[in-house]
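# Architecture and fold: a report
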Number of protein chains: 4
Amino acid sequence: MTTQTLAITNVTLIDGLGGVPVRPATILVADGRFLSSGRAGDIRTPEGAEVVDGTGKWMIPGFVNGNVHLLDAWMFMVGPGTIEYLARWEGRYVEVIEEAAQLVLRNGVTTVFDTYNAVDHVLGARDRINAGTAQGARIFAAGAIVGMGGPFSADFHFAGRRAATQSFVNRIDAQFEAGVGHQLSLLPRKEVRAAVRDYLQRGVDLLKIAVSDHIFMTVGLDRSYQTFSRPVLDVIVEEARAAGVPVLTHSLSVEALETSVELGADVLIHANYTMGQPYPHELVDKIVASDSWAELQTVHEQHRHALEEAGSWAAVLGGGAFSENERTLIGAGAKIIMGTDAGCSSNDHLADLTEAEREDRPWTLGNDHFHWTRSMVEKGMTPLEAISAATINVARSYGKADTLGSIESGKLADFVLLDADPTADIRHLRAIDAVYKDGERIERDALPTQSLVTGHPA
Amino acid sequence: MTTQTLAITNVTLIDGLGGVPVRPATILVADGRFLSSGRAGDIRTPEGAEVVDGTGKWMIPGFVNGNVHLLDAWMFMVGPGTIEYLARWEGRYVEVIEEAAQLVLRNGVTTVFDTYNAVDHVLGARDRINAGTAQGARIFAAGAIVGMGGPFSADFHFAGRRAATQSFVNRIDAQFEAGVGHQLSLLPRKEVRAAVRDYLQRGVDLLKIAVSDHIFMTVGLDRSYQTFSRPVLDVIVEEARAAGVPVLTHSLSVEALETSVELGADVLIHANYTMGQPYPHELVDKIVASDSWAELQTVHEQHRHALEEAGSWAAVLGGGAFSENERTLIGAGAKIIMGTDAGCSSNDHLADLTEAEREDRPWTLGNDHFHWTRSMVEKGMTPLEAISAATINVARSYGKADTLGSIESGKLADFVLLDADPTADIRHLRAIDAVYKDGERIERDALPTQSLVTGHPA
Amino acid sequence: MTTQTLAITNVTLIDGLGGVPVRPATILVADGRFLSSGRAGDIRTPEGAEVVDGTGKWMIPGFVNGNVHLLDAWMFMVGPGTIEYLARWEGRYVEVIEEAAQLVLRNGVTTVFDTYNAVDHVLGARDRINAGTAQGARIFAAGAIVGMGGPFSADFHFAGRRAATQSFVNRIDAQFEAGVGHQLSLLPRKEVRAAVRDYLQRGVDLLKIAVSDHIFMTVGLDRSYQTFSRPVLDVIVEEARAAGVPVLTHSLSVEALETSVELGADVLIHANYTMGQPYPHELVDKIVASDSWAELQTVHEQHRHALEEAGSWAAVLGGGAFSENERTLIGAGAKIIMGTDAGCSSNDHLADLTEAEREDRPWTLGNDHFHWTRSMVEKGMTPLEAISAATINVARSYGKADTLGSIESGKLADFVLLDADPTADIRHLRAIDAVYKDGERIERDALPTQSLVTGHPA
Amino acid sequence: MTTQTLAITNVTLIDGLGGVPVRPATILVADGRFLSSGRAGDIRTPEGAEVVDGTGKWMIPGFVNGNVHLLDAWMFMVGPGTIEYLARWEGRYVEVIEEAAQLVLRNGVTTVFDTYNAVDHVLGARDRINAGTAQGARIFAAGAIVGMGGPFSADFHFAGRRAATQSFVNRIDAQFEAGVGHQLSLLPRKEVRAAVRDYLQRGVDLLKIAVSDHIFMTVGLDRSYQTFSRPVLDVIVEEARAAGVPVLTHSLSVEALETSVELGADVLIHANYTMGQPYPHELVDKIVASDSWAELQTVHEQHRHALEEAGSWAAVLGGGAFSENERTLIGAGAKIIMGTDAGCSSNDHLADLTEAEREDRPWTLGNDHFHWTRSMVEKGMTPLEAISAATINVARSYGKADTLGSIESGKLADFVLLDADPTADIRHLRAIDAVYKDGERIERDALPTQSLVTGHPA
């Protein structure tokens, strides 16, 4: 980290906390953290500081994505592509995860919360990035999802089990399940407690619980079950609390969402996914009254149209109760965070899509946060609210607001300079001039440092 | 019904209640009910009575099977055969159900509890038999299982959906789901309540709840979920109680079984099925202390060996935790009833099996109760206990002990005369001399009156 | 048959032979045959004759369909519906075939050539209709196709094998294969000869040879093989010739079609089906120069559009080389006959289709010949040519022109009276006033006498 | 190559030509070729020669395998493993092929004929080995098989198409089909000729023709078709002859084998594979009278037993008509060559097998030729005949006998020194002391130089 002070001057400051932008503002950075920020007249730029003239620019906090899968887990649901992707890069997952973390960093995302991944590999990349050995967005990782299976289980590409060797699929699934996979649903409470406790000792940053099942891709979209009984869920949450890690819940039905709120989950992953059932009124009240943050996954209107025209099943995710629930929560003033489920997509997988499906796809890392913020504004947020949802809110939801998510003194100096006003048009978030992480300007053109996934096939 | 008194004299009486057999005994029957029974010296045979000399014979109550599917639902799990069976007999399911009810009656089963079937059809057959329009064992029926899908859902022969017309599969599934199928898992509590209430108004005798899922045939045997959250389960049970019908639970894991006991279920269907997990000790205590009756499904040793040698997956049902659980409950003094899941099996389906698998198959109606009682003695019951479990216990569990299940004054005169002593060898239950239902001797050789399923192909 | 003479008077006569219609014409019928026909002035109506006043009507020969599958074999390719159809009507196929023969008769088709069916059943229906025991169009039948498998082989609904019992699928396949199925492709010549000879002794009217394979539904549309080597084909044709039955060939590629012509086939079934390859010029010349008749299968433009909009794979059959080949053969003056592959379609199967696909569907018996003639006029025939192709040409191709296919003295008195002029608009063929077979007026409204397939589900 | 003369002295010489071994013999090698060989007394070792004392050793020609697939094509039939193997090594197939060529060289095989592979990759490896850039057995390659599809076509792992991206499967299939795949079956003769001519210009060493189809893995083992009509086959052979390359035929039925002989094929690949039909007598005579060489694929008895006990479908390849045909051809004096279909097997694929299946597996490169020679002696050859079949015969069949396949003056000095007498026990071929190729001693322990496939997963 630099010891020289950095001063951003004459910039329009959007600090992430939702207040009116400050213009002109000066922001000082030292030792990788924000030193101070405020109206230009209130902040004195120290001598010898490196000055970046922010005239005509907007400064926002680095984006924080509350739900990614740096290895492309979305593909595991779709199916085709899973075997070849996991085989091609086997032994190099840490590198792929770093490539993903660089793709997002290049586009202004300075921190990501990875909520499902091959455990050791995502922790390996996290540690390498933290140590400065590798570049990339800062990673916090859940690793496995308690109660959910690996890529070749019925939760994802089940048909792939028959098209691959058993040695391979079992080896891969074990890397994602890490002893707390779907088999936990069969165990008595005592054994569940022991397994979760063992798992937490691997050093994960978060614990994600499959309150709902994830077998819809195998059995259809007309049912959703509770993975565990309530007493078992209580056991799992107890263990997470004892370990001091935030609790995330995966739910796919109104009942599972209600259960998640009752459990006191910190983050309700894809809270708008209720298999086409609009929220009952009482549930909305309950969410709003709770301490839980709702992660919403969203598809903006233009892409929804493209999906519909392409005949893609995914079109359903952009309409009906999915989007109605988004509007409801926004309207009710629920606490909302950004999450996208996006990953480092294989070019072969993308090539199977239509042009329309590929264009501004919400599940491809790099553009996903632009897609998300645009869609949230369509659904009822102001641009400033959308920016907060994509920065400080995520930090708060995961208990990282002391160091991340806004431009405030003492926090890590992660920020983005824009060439256009995002409050005028949320799509201006794409107009990135520069990205800083830990106070350091990112050489965006040098990222990713290695194009494994994004460069294949040559 | 006859008005002439019938006297069974000089018989060895096993009244079903578990006491020492009475020999010689006299039993009087009039108006379809037992008038009196006891030691020969204590009972006077009235003049004009029709006398059946029971010398050398044993008299037991008519068998009561606590869990059958008169249309062969077992096949729906296995898959192949489902489409052709349901198509071939479409429009004639009432006749098939009657054929099944006659097959069992011929073999001494005078009452059955059908816990999953095409609702209107099983109720139709029930009513025809009750009205005397058709012959057959007395039927009490649950119809649909709350939360479970039809034959072509992922709960059973899911692959069959792709090999049949959608019109057909949807039509058939609707007959089994009756508005309370697996889609209920998606609904909020209020809507679940309304759906269950509507369903109960169809006039079913029992309400069966899928506490566990039933998707293992589609997604594998390494997971089992809770179909509903506990609050939703409470709603369902409330409705059953309000309607005054017994509650049955389907569970496949230790957690779902514990939930079922906590719900106060009257009957725990296949209580020994816990996906290979032996019961935790506390659960056994809880079952024993509860008012719930455990229905056990069992495979005797000889058949288990046959299944193993034939490489049948079903072999697992006869060993491991499945049989260990049976022994545990018997040893702990739990309240146990007979149930077999048996149905009216298609000959084409049976022909696909090996000779070994067909021989004394526990899932083919007619012999299933012999199989069951034999296996229970292997697992620890005395013959008299096995007979009680297969008669009076079933009546008690379903709240029918005032009229059914034992040879006691005032009860329906359903009984079987045997030519050999079942307390000496439980397999002597097969030595049927005569079957009486409602005091009438059954013309066994005339059953079934019509061989649709059992006579196809000619 | 009647012995009273029947006179059709004042009618416009289209005798099927292609000449200018005669108006007014008189046609005399006696003993089920045409006695004479000609200009009204040339024919004297005998006294006592039953006179039908044909004023304002057109008289054409009864249609002759050169390629049907009275049990709905088209469905076997599509897949879903096959199991349920074959199971539901098992034991009643003769009745279904008769129902089909009545459906077509009602619509003016007095003779059909069934080129693939359950052998004994189609011969049974043929014999019953010939004997007057059952009503229906006159049937000539091939039964099995030499070298092709049954409904559950890879030639048709292969996936259905896994969704049905092996007993059932083997039993059904055996009824269609009759010892000359696809397994013949493995045998040495001598054994092929013996098998074909045995088969011919069953009394079939025609021998159809799979010159091409039929596995495209299983392996895709990008290949087509020769079922047999040329020496083996020669053996098969020799046996047919020795038995005195016409030879039909099934071919799906230009090479197989050329082979078929070289074999001297009487009828080239779906001669326009060459997997998307337009005919090489030399092949057209060869066909025209040969004695072979080309059966064309066709989709008219309006239906092709409907199929395209519905996203149906079958749309391809109405365009590209399929229709180009039709135009080529018509333009080159090849000898062409009507055939439709239509069958007695299940309502459940039809219900799975879109409205657009069902509307005037070419593969549903009853309207198929109207579809065909309309399409042929679109492809270049005159209306009179289309009528000849749908009547006398079929009779000629199968060697039945001495008794069938035109309105000529001595031939069987099969004819149709129309209320509108088909030469003005070929669609007027639908304007049927009356149908006569063997000189008898058909009670059209009474057909089918039994609605098994067409009345299910009620 | 060395210019110093090498002398092998006092060795027992088995020159591959079938005559009585010569002992003691001296063999001189210079410039990579045999200079002379004969009785020790007849050959003078020149001064300065490097002398290898062959006392107690046996010298045989380097093995020549007439049918391998250096990338493991056998796996493509089995299915699972195909996607991951082809994805994992994509971009490195040349290296994998070299690894395979080194595995065999290490075990004494100095030349292989690769009859199906990714065309450019196998030619690339061939050229690198020929140029001395890479080590390995000498490769002659066919590349594509005319009329056969790639790994993801219905000829191999068809189900894999649905578990992989279309981009990937199409890219891979194109590398194996090279414009002469199964789609050729649809084309008219003229277009077939053009495609084959183009293909031959790629520089392949051999032309292999799919006389039979290869779709049995998709459609079952009860049929086999002719890929092409005879006129088309004639066209293909003409092109091969014009290009001066040997013609190999793939056939799977007695008819296709007979056609292959009639075509004048140089090598009849797996001539014993006739789908369970024993050869008709006339066919045996025809083969013997022809100039064609029969490549037999064989499974020795011990392995056949292992396969049967493991329940492997492959057991059938070791018995019935498969082995009966082998004995028949050996007994009739047909010209026979070694071929094994073996490839560089993935460890994951092997791990899916039972221990019994893996042990001495005939389809894993390295031991396959030991398996083959052992089995041939079981089927009726003398050890010397088996050695000739595995050396000089292969060279003769492919027209390479002027330079390869025996220890004769002027030929390439490829040979193996053994520590035990293979004429006493054919299994002594495994007792390899040293392998020489082009007169150079191979550093066997250094092979393979890179363990990609054989070292994965680490």
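Keep in mind it's a predicted model, so treat the numbers as computed, not measured.

## Things to note about the domain arrangement of chain A
All names here are of chain A. Under the domain assignment used here, chain A contains domain 1 (6–62 + 406–442) and domain 2 (63–397). Distance between the C-alpha centres of domain 1 and domain 2: 30 Å. Taken together, the 26 residues of domain 1 in the interface contact 27 residues of domain 2. Across the interface of domain 1 and domain 2, roughly 2000 Å² is buried in total on both sides, 68% from carbon and sulfur atoms.

## Observations regarding the packing of aromatic side chains
Scanning the entire structure with this criterion turns up 52 aromatic pairs over all chains. Ring centres 5.2 Å apart and planes at 20° place the aromatic pair Y116(C) and F156(C) in the stacked group. Here Y116(C) is found in the loop between β7 (109–114) and α4 (119–130), whereas its partner F156(C) is found in the loop between β9 (145–146) and α5 (166–177), with 40 residues between them in sequence. Residues Y116(C) and F156(C) agree in their burial class; the two are buried. Taken together, F76(A), Y116(A), F156(A) and F176(A) form an aromatic cluster joined through their ring pairs.

## Here we look at the relation of the copies chain A and chain B
For the pair chain A and chain B, the relating rotation is 180°, the translation along its axis is 0.1 Å, and the fit reaches an RMSD of 0.0 Å. What the superposition gives is, in effect, a two-fold axis relating one chain to the other. Distance from the rotation axis, computed per C-alpha, reaches its smallest value in chain A at Q226(A): 2.5 Å. Taken together, the interface assignments show that 100% of the residues at the interface of chain A recur at the interface of chain B, consistent with an identical surface on both copies.

## With respect to the environment of A289(D)
Residue and element names in this part refer to chain D. Within the secondary structure, A289 sits in helix α10 (residues 281–289). On the accessibility criterion, A289 (66% relative accessible area) is exposed. Taking the C-alpha atoms as reference points, A289 and V261, separated by 28 residues in sequence, lie 9.7 Å from one another.

## Notes on the relation of the copies chain A and chain D
Between chain A and chain D, which share one sequence, the superposing operator has a rotation angle of 180° and an axial displacement of 0.0 Å; the RMSD is 0.0 Å. An overlap of 100% is found between the interface residues of chain A and their copies at the interface of chain D, pointing to a shared contact surface.

## Points about the sheet that holds strand β12 (residues 267–269) of chain A
All names here are of chain A. Across the sheet, which stays open at both edges, the six strands sit in the order β9-β10-β11-β12-β13-β14 with parallel pairing between neighbours. In the strand order of this sheet, the two ends are held by β9 (145–146) and β14 (336–338), each with one partner. Pairing geometry for β9 and strand β10 (residues 207–210), over two bridges, is parallel. Looking at β10, one finds that I145 is bridged to K208.

Cut-off values and rules
Residues numbered from 1 in each chain as written. Chains lettered and ligands numbered in written order. Predicted model: local features only at pLDDT ≥ 70, side-chain atom pairs only at ≥ 80, totals over all residues. Heavy atoms only, no water. Domains from an automatic or database assignment. Contact = heavy atoms within 4.5 Å. Buried area = accessible area lost by both parts, 1.4 Å probe. Phe/Tyr/Trp six-rings, centres within 6.5 Å; stacked < 30°, edge-to-face > 60°. Helix = DSSP H or I, 4+ residues; strand = E, 2+ residues; numbered from the N terminus. Buried < 20%, exposed > 50% of the residue type's maximum accessible area, 1.4 Å probe, protein only. Least-squares fit on C-alpha atoms with pLDDT ≥ 70 in both. Pairing = 2+ DSSP bridges.

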